[in-house]
Amino acid sequence: MVPILVALLLALALLSFWRLAKGKVEPRAKYPRSLPSLPIIGSLLHLAGNPQLHLLFHSLQKKYGSLYSLRMGSHYVVVVNHYLHAKEVLLKKGKTFAGRPHTVTTDMLTRDGKDIAFASYSPLWKFQRKQVHAALTMFGKGSLALEKIICREAASLCETLSASQDAPLDMAPELTRAVTNVVCSLCFSSCYRRGDPEFEAMLQYSQGIVDTVARESLVDLFPWLQFFPNKDLALLKRCVAVRDQLLQKKFEEHKEALSSGSADDLMAALLRAKLNMENNNSRLGQRLQLTDDHLLMTVGDIFGAGVETTTTVLKWAVLFLLHYPEVQRKIQEELDQKIGFARHPQLSDRQQLPYLEATIREVLRIRPVSPLLIPHVALTDASIGEYTIPKGAHIVINLWSIHHDEKEWEKPGEFNPGRFLDEQGTQLPSPSYLPFGAGIRVCLGEALAKMELFLFLAWMLQRFTLEPLAGQPLPGLEGKFGVVLQVQAFKVMARLRAAWREGV
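Residues numbered from 1 in each chain as written. Predicted model: local features only at pLDDT ≥ 70, side-chain atom pairs only at ≥ 80, totals over all residues. Heavy atoms only, no water.

J.: Whenever I open this one, the overall build of the protein chain confuses me. Can you help?
T.: Across its full length, the protein chain carries 20 helices and nine strands. For the protein chain, the proportion of its 504 residues judged to be buried stands at 52%. If you take every contact in the protein chain between residues at least 6 apart in sequence, the share linking residues at least 24 apart comes to 75%. Counting every atom, the protein chain has about 24200 Å² of accessible surface; 57% of that belongs to carbon and sulfur. (Helix = DSSP H or I, 4+ residues; strand = E, 2+ residues; numbered from the N terminus. Buried < 20%, exposed > 50% of the residue type's maximum accessible area, 1.4 Å probe, protein only. Contact = heavy atoms within 4.5 Å. Areas by Shrake-Rupley, 256 points an atom, 1.4 Å probe, with all protein chains shown as cover.)

Pasting the structure below:
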C-alpha cells in the first residue's frame, strides 16, 4: 500500500512539474479587495446612514484602494474610482462591460428595458441607438436648426429675467421650461408657455422620477419588497403613468401626421424607421422586433434625460456664479470684448469665448450631473487592471472620485475655470475628465447639451448680472444624490446690465 501511495505522489509531482514547464499552470484569480459582507444583506450595514453614496465611495478609497468591491444585497459590485480603470471599462473593454442591471424601478420606468439608457447591450439596442443618432444628425442639419431653437428659448428666458429683475426669482422652473422646449421641439415639434398645465404636470412627474429611480433603493436590491406597500414605488407608478399618457398622445398625433408627410422631428424619424423595417420585411426587421414600446421608451429617454441633466447643470452653473462673482465678471468681460452689445451670442463664438467654455467644463467637473453614472454589467468574465471581474458583476464608475482626484487635479474642491486654460487662453486637455462618460455608451445628447449650456449662459450673462438675495446667506453647494446630483432650491436677483439699461 505504501509503495503505491509513494508512486502516486511522485506521479502527481511529475505532472505538476510538467505543467509548470509547459506554462499551463493557471494563476490564481485576484479579486478587488472587498468590504465586509453578511448573508442576504451584503455590505449594506457599511452604507447605512450615508445617502450621499458618491461621497462615501470616494472616502472608502483610503482603506480599500481606488478599485474595490462590495455586495449590495446579492449583487456583486465593483467601484471604480480612477480614470485609467474607468477608461478600461468604458473604452478599451466597452462591449465587455456594456450590460445594464435590471432593477424594479428602471424596469418600471422603461417597460422592462426597452429604452437606450437602461437597456443592456444587444443587437436591438445597437439598432435603436443608431436610429436615434441618425435622427439627431438629420434634424440638426449641421446644428443650425437646433441653434435656432435654443436661441429662441434663450431669448424667451431673457424676457422672463427682465420682467422679474426687481423681485427674487426661482430660476429652476424657468431653466426647466427653456430646456424642455428645446427637447420638445426636437422630439415632438412643440413647446410650452409659462403656466401651461401640461408643462406643470411634466415638472411634477419628472421630479418624481428623479427622486425614485436608480438610487440603489431597497426595492431594487430586494425585488420581493415590491409586493409590499411602498410610497416611493407608488409615486413612481403615478409619475410613469402621467409620462406615458403624454407620450402616447404625441405618438398617436405623429402617426396621423406621418401619413400627410407633415411630421419632421425625432418621433417622426423613429416612426419612419420602424415602418420601413416592417414594409421591407427584412431579416433584420424580423430578428430585431422594434415595437411601439421601444419607440416610446426611446423618445421618453431622450426627453427625460435631455431635460433633467441639462437643467441640473445650468442650475449648478448659476449657483457657482453666485458664489464666485469674479468668475461671472470675467465671463462678462470676455463677452463684452468678443461680442459686444450689437448682436447675440452664436455657436460660432465658442472659440472666441474660452473662459465661458472653461467655466462650463469646471461646473461639469466639480459637480458631475451623474456622479456614479449608470452602472455597467460585465457580460463575460473579464478583468480591470490586475483584478479579475466575474460575469454579472455591476461596475460603478465613481465620476465624483475621478473629478476630485488630488493626484490629477490641483485643489479639486475649489471652483477654478482657469485650470482648463493655459496662459494664452487655449483649452487644456484633461485625461481624467469624463462628464458624459465615454465609449459605446457615451451620452447620446452630449453635443446638444454642450450647445444649450453655452448659448443659455452666454445669452443670460451678456444681458444680466446674477446676484444672491441681499441680507441672506448664499445657498449651499451640497448636492442631493440621485439619478442626477440635485441642486437645493434657491432664488436670485437678475440685474439688467448698464449697457442694456442704457439701450446701447
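J.: Please clarify how the sheet that holds strand 4 (residues 376-377) should be interpreted in this entry.
T.: Strand pairing within a sheet occurs via backbone hydrogen bonds; the two strands may be parallel or antiparallel. In spatial order, the strands read 1-2-3-7-4; together these five strands make up an open sheet with mixed pairing. Each having just a single partner strand, strand 1 (33-34) and strand 4 make up the two edges of the open sheet. Relative to strand 7 (residues 394-397), helix 5 (residues 83-92) is tilted by about 125°, and along the sheet it contacts strand 2 (67-72), strand 3 (75-80), strand 4 and strand 7. (Pairing = 2+ DSSP bridges. Axes fitted to C-alpha atoms, helices over the stretch in contact; angles between N-to-C directions.)

J.: What should I look at first to understand the pattern of salt bridges in this one?
T.: Should their charged atoms come close, side chains of opposite charge can pair. Enumeration over the complete set of coordinates arrives at 17 salt bridges. Notably, a salt bridge pairs Asp-293 with Arg-111, separated by 2.6 Å at the nearest N-O pair. With Asp-293 in helix 15 (residues 292-323) and Arg-111 in the loop between helix 6 (104-110) and helix 7 (123-140), this pair connects stretches of sequence that are 182 residues apart. In this structure, Glu-252 and Lys-255 form a salt bridge, with 3.8 Å as the shortest nitrogen-oxygen distance. With Glu-252 and Lys-255 both in helix 12 (residues 231-260) and three residues apart, this pair spans about one turn of that helix. Residue Glu-252 is classed as partly exposed on the basis of its relative accessible area of 34%. Look at the salt bridges and you will find they share partners, linking Arg-111, Arg-243, Asp-244 and Asp-293 into a network. (Salt bridge = Lys/Arg side-chain N within 4 Å of Asp/Glu carboxyl O.)

J.: Sorry, what's going on with the packing of aromatic side chains here?
T.: One pair of aromatic rings is described through two measures. These are the centre distance and the angle between the planes. Per the stated rule, a full pass over the model turns up 12 aromatic pairs. Geometrically, the ring pair formed by Tyr-121 and Trp-125 is tilted, given 5.6 Å between the ring centres and 50° between the ring planes. For Trp-125, a relative accessible area of 3% corresponds to the buried category. In this structure an aromatic cluster arises from ring pairing among Trp-316, Phe-320, Tyr-324 and Phe-415. Positioned above the aromatic ring of Trp-409, the side-chain terminus of Arg-365 is 5.4 Å from the ring centre. Over the ring of Trp-316 we find Arg-367, and its NZ or CZ is 5.5 Å from the ring centre. (Phe/Tyr/Trp six-rings, centres within 6.5 Å; stacked < 30°, edge-to-face > 60°. Lys NZ or Arg CZ within 6 Å of the ring centre and 35° of its normal.)

J.: Looking at this structure, I do not really get the nonpolar core. What am I missing?
T.: Grouped together as the largest cluster of nonpolar side chains are 108 residues, with contacts concentrated most on Met-171 and Phe-456. Among the elements that take part in this core, helix 15 stands out by supplying 16 residues, more than any other. Excluding anything up to four places from it in sequence, Met-171 contacts Leu-161, Val-318, Met-460, Leu-466, Phe-490 and Val-492. Leu-90, Ala-378, Ala-382 and Leu-399 belong to the second-largest nonpolar core, a separate cluster that totals 22 residues. (Core = buried A, V, L, I, M, F, W, Y, C linked by side-chain atoms within 4.5 Å.)

J.: Looking at this model, I keep getting lost on the packing of helix 17 (residues 354-366) against helix 19 (residues 446-463). Mind explaining?
T.: Relative placement of two packed helices is described by the angle separating their axes and the distance separating the axes. For the pair helix 17 and helix 19, interaxial distance at closest approach is 10 Å and the crossing angle is 120°. Classified by the angle their axes make, helix 17 and helix 19 are oblique. Helix-helix and strand crossings are classified by hand; for helix 17 and helix 19 the assignment is right-handed. Where helix 17 approaches helix 19, its residues Leu-356, Glu-357, Ile-360 and Leu-364 are matched on the opposing element by Leu-453, Phe-454, Leu-457 and Ala-458. Of the residues contributing to the contact of helix 17 with helix 19, the split by class is seven nonpolar, no polar and one charged. (Parallel < 35°, antiparallel > 145°, perpendicular 65-115°, else oblique. Left-handed = near helix turned anticlockwise from the far one by under 90°. Nonpolar A, V, L, I, M, F, W, Y, C, P; charged D, E, K, R; others polar.)

J.: Can you help me understand the pairing of strand 7 in this one?
T.: Consecutive side chains along a regular strand alternate between the two faces of the sheet. Side chains His-394 and Val-396 project from strand 7 onto one buried face, and the interleaved Ile-395 and Ile-397 project onto a second face that is buried too. Two elements, strand 3 and strand 7, share four bridges in a ladder whose sense is parallel. Within strand 7, the residue paired with Val-78 across the bridge is Ile-395. Across two bridges, the pairing between strand 4 and strand 7 is antiparallel. Note that in strand 7 the partner of Val-377 across the bridge is His-394.

J.: Please explain a nonpolar patch on the surface as it appears in this structure.
T.: The grouping of Trp-224, Phe-227 and Phe-228 at the surface amounts to a nonpolar patch, some 420 Å² of accessible area in total. Relative to the helices and strands, Phe-228 is located in the loop between helix 11 (218-221) and helix 12. (Patch = residues over 30% accessible without salt bridge, like charges linked within 9 Å, V, L, I, M, F, W, Y side chains within 5 Å.)

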